Amino acid sequence: MTKIKDSNEPWKGGMAKNITFIVTKDCQLACKYCYLVGKNVKERMPWEVAKTFIDYVLDHETDPDFAYESVVWDFIGGEPFLEIELIDKICDYIKTELFRRNHHWFNSYRFSFSTNGINYHEKAVQDFIKKNREHLSIGITIDGTEKKHDLNRVYKITEKGSYKDVVKNIPLWLEQFPFGGTKVTISSADIPYITESVLHLYGLGIHEVNINVVFEDVWQEGDDLKFEEQLMQLADAIIDGGYYQDYSCSFFSELIGKPMDPERDNQNWCGAGKMLSVDAAGNLYPCTRFAQYSLRDKDAWIIGNIKDGIDKNKIRSFLTLDRVTQSPQKCLECEVASGCAWCQGENYDAAQTHTVFQRATAICLMHKARVRANNYYWNKLYRKLELEDLREQYEANKREVKPEIC
Amino acid sequence: MLQYLVIILDDTSVAYCHADNPLEERNLMPLETLKKGILFGMKQNLMIQYVFPDYALPEEYASIIESIDNVKIYPIGKKPDTGLNDESEADVEVAMDIPENVDAQNLVLRLSFSEMLKQKDEIVKLFAQGKRINLCITDVEQFADEQIEAYKQVLNEWNTALLDLYKQGQSPQFNLLTDRMMLEKMHNCEAGVSNITLAPNGKFYLCPAFYYDERMQVFNQMNHHQPSSDNSVGDLEKGLDIPNPQLLKLNYAPLCRKCDAYQCRRCLWLNRKLTWDLNTPSHQQCVMAHIERNASRDLLNDIRKVGEFMPEINIKEIDYLDPFDVRKEF
């Protein structure tokens, strides 16, 4: 049977409650495209804050905001593994409390990490992984070739590239998480390196490359055409090399590039407001992107704190957001609208007023370029499958795809 | 479409809606600004609504004020003397307590929720005066779910009094209970859409509350971190410049556009204060508006038991008070 590798399904179909600890705002790196404009070494989460937060969440088991079958406890930074001792203590406490309370999340939880991978090999991290192996999702961010990676992902003081320190941990990571995916971020300067970088990551044994362009307004004139050219080269390489059978690259999706119905396709892209984040001060956010260290021009959107709980008025706009209300007319009339993403935090930060209802459209031309290359990819791939009499098999057996959600 | 220009004549002009006016020092709008404001209103074809302070304005203001048709909003018992006696039917007196006499055809009664409950019987006496009564609750943000029953009860008591008046052939007008019976679509404040406010500094604001906030340096969220940070949406020199104007409109308010609590004020200032988004109402505003809506339905049904009344109006029975709770089916 012919197969085309899909991206891995998110755990529980992406329907679990997502709860994020911003354990530190420090990181070894100062990536040039990082949206975290307020990183610092001071804001490290105290244990008491973490414990009070966990108690708050678990005390509200029956609250509609927490009435999800499953939960993903997400740890983010900065670099989360800088706080591995705190994380270990948090996870132990969560497990103990879930058991003690006979909470419905016991045995239906994950601990999730997105790490720069630099201290992945260290004993404390490895001990933690061994202890929690069955409940872990860990993604290491490696951006592609050494040149591409080191273009952006540099140490904060020396500005030295971090590639060598990350790539040495990839084999260990893949041994522990063979289906692990990496996240690649594309900014203007990265465009020429897309093809070689994705192929390089495949070569490292990473089968799932989740790649996206930054939402911020960083794009130069002509970037869209360069981007399209790179993606077409990548399409040729993936199809001609047969990589599509065992490797995936999120740039290529059958779902994108279609017009969208204003009523039927009106859901919000993003899960902000359904998620919950806490920082070192015990403040709560609808998503980490609304914490002050993520925002250039706006004040943090704090929805409560661990002592007083969530001010539900402050999440009403998030939970009533829809695509049509926040989109400008050009998006509503766009013939290739599907798959064009947005980040609610970036929307808020870039908006003219204090609102989450103004969609930022800095990626407009990049999305259109992606659609053109995507069409090329699927046309070429289908023709290849037809020539090999494999298209019908694929169509008959392909997985039902769901829309992407942030 | 803009229809009204509200001109705040002085910083101490009377507050007439949800927001209190915290400004205590007099700061009269300069005559030149007033003239330009009137000219702006004339050119834009806007009805002018002057908001007066509790002191008599200098004589030279009278002729300027009366140089165009207008509506006057003034503190109770402080009817402005502008030399003209042809008072507008739309003039509004504003009281913070139950007044003994109401001169104007319209009374805005601004009370806290607890004061409203305390003075509920006194309020009933106003219904029979043949004036339009607008009761404005000044602490909506404090309203708690534990007060729902108390609100239902007081509205029910007022319904009884209003029904008696209808039976006597009168047509009392009380915003919380009789407005919804007459409405077939949303009829809200519409700040920034059908009306705009000119402050003494010559700048435009969505409504007076946004001016008060700016003057008091309250939590500025309209133009965050911008060098010219303020709440204004234009001025007399450059004209109106409302950022994200679409978000002020009903169609851009997901919770409101399908709602049928048509009498709700849909106060943008409260929205911003409580939910931080101008187009998103708070739980408090929704619940109070729906209690009023349901009580209006009861009143309508009771009146119809006596005789035919507004047959084209249909207020259906619903089982929620906050549309947010049923947003998925909404």
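Shown above is the structure to which this text applies.
In short, a report on the structure. (Residues numbered from 1 in each chain as written. Chains lettered and ligands numbered in written order. Predicted model: local features only at pLDDT ≥ 70, side-chain atom pairs only at ≥ 80, totals over all residues. Heavy atoms only, no water.)

1. What to know about the overall build of chain A
Inference 1: A count of helical and extended segments in chain A gives 14 helices and 11 strands.
Inference 2: Its C-alpha atoms give chain A a radius of gyration of 21 Å, near enough to 22 Å, the size a compact globule of 406 residues would have.
Inference 3: Counting only C-alpha atoms, chain A reaches 60 × 50 × 45 Å along its principal axes.
Inference 4: Relative to its 406 residues, chain A shows a buried fraction of 57%.
Inference 5: Considering only contacts within chain A whose residues lie at least 6 apart along the sequence, 77% involve residues at least 24 apart.
Inference 6: Counting every atom, chain A has about 17,600 Å² of accessible surface; 51% of that belongs to carbon and sulfur.
Inference 7: Side-chain charges in chain A split into 51 positive and 61 negative, and the spacing between the mean points of these groups amounts to 2 Å. (Helix = DSSP H or I, 4+ residues; strand = E, 2+ residues; numbered from the N terminus. Rg over C-alpha atoms; globule rule 2.2 N^0.38 Å. Buried < 20%, exposed > 50% of the residue type's maximum accessible area, 1.4 Å probe, protein only. Contact = heavy atoms within 4.5 Å. Areas by Shrake-Rupley, 256 points an atom, 1.4 Å probe, with all protein chains shown as cover. Lys, Arg positive; Asp, Glu negative; His and termini not counted. Charge placed at Lys NZ, Arg CZ, Asp CG, Glu CD.)

2. Things to note about the side chain of A:Arg110
All names here are of chain A.
Inference 1: Mapped onto the fold, Arg110 is located in strand 3 (residues 109-115).
Inference 2: Notably, Arg110 is buried but unbridged: the nearest opposite-charge side chain belongs to Glu134, and the N-O separation is 6.8 Å.
Inference 3: Polar contacts involving the side chain of Arg110 include one to the main-chain carbonyl oxygen of Leu136, which spans 3.2 Å.
Inference 4: Aside from chain neighbours lying at most four places away, what touches Arg110 is Trp11, Val71, Val72, Trp73, Glu134, His135, Leu136 and Ser137. (Salt bridge = Lys/Arg side-chain N within 4 Å of Asp/Glu carboxyl O. Polar contact = N/O pair within 3.5 Å; in protein donor to acceptor, adjacent residues only side chain to side chain.)

3. Points about the interface of chain B and chain A
By a widespread convention, an interface's size corresponds to the accessible area lost as its parts come together.
Inference 1: Counting residues at the interface gives 27 residues for chain B, matched by 20 residues for chain A.
Inference 2: Taken over both partners, the interface formed by chain B and chain A buries close to 2,200 Å², and the fraction arising from carbon and sulfur atoms is 51%.
Inference 3: At the junction of chain B with chain A, the criterion picks out 2 salt bridges.
Inference 4: The set of elements that each furnish at least two residues to the side of chain B that touches chain A consists of helix 8 (268-275) and helix 9 (283-306) of chain B.
Inference 5: Here the residues of the side of chain B that touches chain A are counted per class, giving 11 nonpolar, 11 polar and 5 charged. (Buried area = accessible area lost by both parts, 1.4 Å probe. Nonpolar A, V, L, I, M, F, W, Y, C, P; charged D, E, K, R; others polar.)

4. Quick notes on the sheet that holds strand 10 (residues 304-305) of chain A
All names here are of chain A.
Inference 1: Pairing in this open sheet of 8 strands is mixed, and the strands run 4-3-2-1-8-9-10-11 from one edge to the other. Of all the strands in the sheet, just strand 4 (136-140) and strand 11 (309-310) have a single pairing partner and so form its edges.
Inference 2: Across 2 bridges, the pairing between strand 9 (residues 283-285) and strand 10 is antiparallel. Bridge pairing links Leu284 to Gly304 in strand 10.
Inference 3: Most of the contacts of helix 1 (residues 47-59) go to strand 1 (residues 17-22), to which it runs at about 165 degrees, and overall it touches strand 1, strand 2 (71-76), strand 8 (276-278), strand 9 and strand 11.
Inference 4: Sitting on the sheet, helix 2 (residues 84-100) is in contact with strand 1, strand 2 and strand 3, with an inclination near 165 degrees to strand 3. (Pairing = 2+ DSSP bridges. Axes fitted to C-alpha atoms, helices over the stretch in contact; angles between N-to-C directions.)

5. Structural notes on helix 5 (residues 148-167) of chain B
Residue and element names in this part refer to chain B.
Inference 1: The end-to-end C-alpha distance of helix 5 is 28 Å, a good match for the 28 Å that 20 residues give at a rise of 1.5 Å each.
Inference 2: On its buried face, helix 5 sits against helix 3 (113-118), helix 4 (120-127), strand 6 (132-137), strand 7 (173-174), helix 6 (175-182) and helix 9.
Inference 3: At the C-terminal side of helix 5, Gly169 shows a positive phi close to 90 degrees. (Expected span 1.5 Å × (residues − 1).)

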